[in-house]
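# Coordinate inspection notes
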Amino acid sequence: MREIGIIDDGICLEPSRIRWQITRGKEGWINLPSQKVQQDSHGSCIARIIEAYQPDVFFSGIQVLDPRGYGELPQWIEAVEMAGDSNVEIWNISNGLTDFFQFEQVNRAVKNTVSRGKLLVAARSNGHMFTVPACLPEVIGVAYDEALPVNTMMVNPRREQDINIRANLDFPLAGKEGIFIRRDCSSYQTAAVTGLLAR
């Protein structure tokens, strides 16, 4: 079975589906049990979408966002660097930066991780803003595109709009388990693309 990493707000699935998951504690990075994460967390929804496209998968997770979706840049950079040190080959990153004061730090962390053979799949901002790391040439950047017919993806070899893939995929699990997942969200489209790439 393939292992996929998720950098987000945590994953709540059956413990047997999660190889490892960590969060930042007062003394450093610590283990994060699945049951301590909300079932409808963003990261949990990302994992379910990936599973819908690639059922034979285990997950590893690095929690960098709180339940409201907020995090700190140094922690995010550490997470990307840890992804590079891990045995996981594919990492889903559905969060990013739209201000560029720390662009060099982010760019360096991403380049180091990709140079270690990791594939980073990242979402562009839903506000259609230039987003790091999705806009970086080493990353597969994904954005939702309502102009495409449903269940269509378009690859942009020249990285038009600073991304590689525009997508309008419908998720087989939308509405199941009492969790609503919106199709018009770049981060959820990124999860679908990650699942397809993991096949």
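A few points on the structure. (Residues numbered from 1 in each chain as written. Predicted model: local features only at pLDDT ≥ 70, side-chain atom pairs only at ≥ 80, totals over all residues. Heavy atoms only, no water.)

## A look at the sheet that holds strand S1 (residues 2-8)
Here we have nine strands laid out as an open sheet, ordered S3-S2-S4-S1-S5-S6-S7-S9-S8, and mixed in their pairing. The open sheet terminates on both sides in strands that have one partner only, identified here as strand S3 (28-31) and strand S8 (152-155). Going across the sheet, the axis of each strand differs from the next one's by a mean of 20°, ignoring polarity. Where strand S5 (residues 90-93) lies against strand S6 (residues 119-123), four bridges are found, and the strand directions are parallel. What sits directly across from Ile93, in S6, is Ala122. (Pairing = 2+ DSSP bridges. Helix = DSSP H or I, 4+ residues; strand = E, 2+ residues; numbered from the N terminus. Axes fitted to C-alpha atoms, helices over the stretch in contact; angles between N-to-C directions.)

## As for the packing of helix H1 (residues 42-53) against helix H4 (residues 186-197)
At their nearest, the axes of H1 and H4 sit 7 Å apart, and the two run at 40° to each other. Between H1 and H4 lies a crossing of right-handed hand. Seen from H1, the contacting residues are His42, Cys45, Ile46, Ile49, Ile50 and Tyr53; seen from H4, they are Ser187, Tyr188, Ala191, Ala192, Thr194, Gly195 and Leu196. Of the residues in the contact of H1 with H4, the class split is nine nonpolar, four polar and no charged. (Left-handed = near helix turned anticlockwise from the far one by under 90°. Contact = heavy atoms within 4.5 Å. Nonpolar A, V, L, I, M, F, W, Y, C, P; charged D, E, K, R; others polar.)

## Focus: the packing of aromatic side chains
Going through the model one piece at a time under the given rule, you end up with two aromatic pairs. Here Trp20 and Trp91 contribute two aromatic rings whose centre-to-centre distance is 6.1 Å and whose plane-to-plane angle is 55°, an arrangement assigned as tilted. Remark: Trp91 occurs in strand S5 and Trp20 occurs in strand S2 (residues 18-25); sequence separation between them is 71 residues. For Trp20, a relative accessible area of 27% corresponds to the partly exposed category. We classify Trp91 as buried; its relative accessible area is 0%. (Phe/Tyr/Trp six-rings, centres within 6.5 Å; stacked < 30°, edge-to-face > 60°. Buried < 20%, exposed > 50% of the residue type's maximum accessible area, 1.4 Å probe, protein only.)

## What to know about the pairing of strand S9 (residues 165-168)
Every second residue of S9 is oriented toward a common face, with Ile165 and Ala167 on one face and Arg166 and Asn168 on the other, all of them buried. Sheet topology places strand S7 (residues 140-144) next to S9; three bridges connect them, and they run parallel. Bridging from a neighbouring strand, Ala143 pairs with Arg166 of S9. Alignment of S8 against S9, held across four bridges, turns out to be antiparallel. Of the residues in S9, the one forming a bridge with Val155 is Ile165.

## A short note on the side chain of Asn164
With respect to the element layout, Asn164 can be found in the loop between S8 and S9. According to the relative accessible area criterion, Asn164 is buried, its value standing at 17%. Within the local environment of Asn164, its side chain forms a polar contact with the backbone nitrogen of Gly141, the two atoms lying 3.0 Å apart. (Polar contact = N/O pair within 3.5 Å; in protein donor to acceptor, adjacent residues only side chain to side chain.)

## Considering the pattern of salt bridges
Taken as a whole, this structure holds eight salt bridges when the rule is applied. The closest approach of N and O atoms between Glu89 and Arg2, which form a salt bridge, is 3.5 Å. Of the two residues, Glu89 is situated in the loop between helix H2 (73-85) and S5 and Arg2 in strand S1; the sequence distance between them amounts to 87 residues. Residue Glu89 is classed as partly exposed on the basis of its relative accessible area of 47%. Taking the shortest distance from any N to any O, the salt bridge between Glu78 and Arg24 comes out at 3.8 Å. Taken together, the positions of Glu78 in helix H2 and Arg24 in strand S2 put the pair 54 residues apart, joining distant regions of the chain. (Salt bridge = Lys/Arg side-chain N within 4 Å of Asp/Glu carboxyl O.)

## Describing the side chain of Ser94
Of note, Ser94 is situated in the loop between S5 and helix H3 (103-115). With a relative accessible area of 11%, Ser94 lands in the buried category. Here the side chain of Ser94 touches Asp8 through a polar contact of 2.6 Å, side chain to side chain.

## So, unusual backbone geometry
Geometrically, the link from Val132 to Pro133 is a cis peptide bond, its omega value of 15° lying close to zero. Tracing the sequence through the fold places Pro133 in the loop between S6 and S7. Within the chain, Asn151 stands out as a residue other than glycine whose phi angle is a positive 65°. Mapped onto the elements of the fold, Asn151 is located in the loop between S7 and S8.

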